[in-house]
Amino acid sequence: ADEQQDLIKELRGRFGSEPVDDVTLRRFLITRSWSIDGAAVMLQSHLKWRTENLPVTQEEVQPILDERKFALLGSGAGGRPVFILNFLQLLQVEWQEADQ
């Protein structure tokens, strides 16, 4: 357990200015079999993706909301939006056509 905490601290040192908690660091270390280098590469890629893709605006998802495949229920903890999936509507999507 102490060795794992040391690895978490070492990984944190590589991402000191990023808002990443210990649970997230641990998750990436476990995924990469406690390899600092492997976890760092994967986490850096993840953080880059988040920066490029989040937050998602309501305008971006409004067409999907209008089709009632998802429903916006309101806000949850920290003001984050809460959605519900309408699986019946999702099952009716022609996924091959949607990918094209």
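So, here's what we can say about the structure. (Residues numbered from 1 in each chain as written. Predicted model: local features only at pLDDT ≥ 70, side-chain atom pairs only at ≥ 80, totals over all residues. Heavy atoms only, no water.)

This part takes up the nonpolar core. Formed by 13 residues in total, the largest nonpolar core has its most connected members in Leu11, Phe15, Leu25, Leu29 and Leu43. At five residues, the largest contribution of residues to this core is made by helix H3 (residues 36-53). Beyond its immediate chain neighbours, meaning those up to four positions away, leucine 11 contacts Leu25, Leu29, Ile36, Ala39 and Ala40. (Core = buried A, V, L, I, M, F, W, Y, C linked by side-chain atoms within 4.5 Å. Buried < 20%, exposed > 50% of the residue type's maximum accessible area, 1.4 Å probe, protein only. Helix = DSSP H or I, 4+ residues; strand = E, 2+ residues; numbered from the N terminus. Contact = heavy atoms within 4.5 Å.)

Another point: the side chain of threonine 24. Within the fold, threonine 24 resides in helix H2 (residues 22-31). Classification of threonine 24 by relative accessible area gives buried; the value is 19%. Within polar-contact distance, the side chain of threonine 24 engages the side chain of aspartate 21 at 2.7 Å. (Polar contact = N/O pair within 3.5 Å; in protein donor to acceptor, adjacent residues only side chain to side chain.)

Scanning all chains against the criterion turns up three salt bridges. Between arginine 14 and aspartate 37 there is a salt bridge, with the nearest N and O atoms lying 3.0 Å from each other. Pair noted here: arginine 14 is in helix H1 (residues 2-14) and aspartate 37 is in helix H3, with a separation of 23 residues, a long-range link. Owing to a relative accessible area of 42%, arginine 14 belongs among the partly exposed residues under this scheme. A salt bridge links lysine 48 to glutamate 52, with the shortest nitrogen-to-oxygen separation between them at 3.4 Å. One end of the pair is lysine 48 and the other is glutamate 52, both in helix H3 and four residues apart, which spans about a single turn. Judged by relative accessible area, glutamate 52 falls into the exposed class, the value being 53%. (Salt bridge = Lys/Arg side-chain N within 4 Å of Asp/Glu carboxyl O.)

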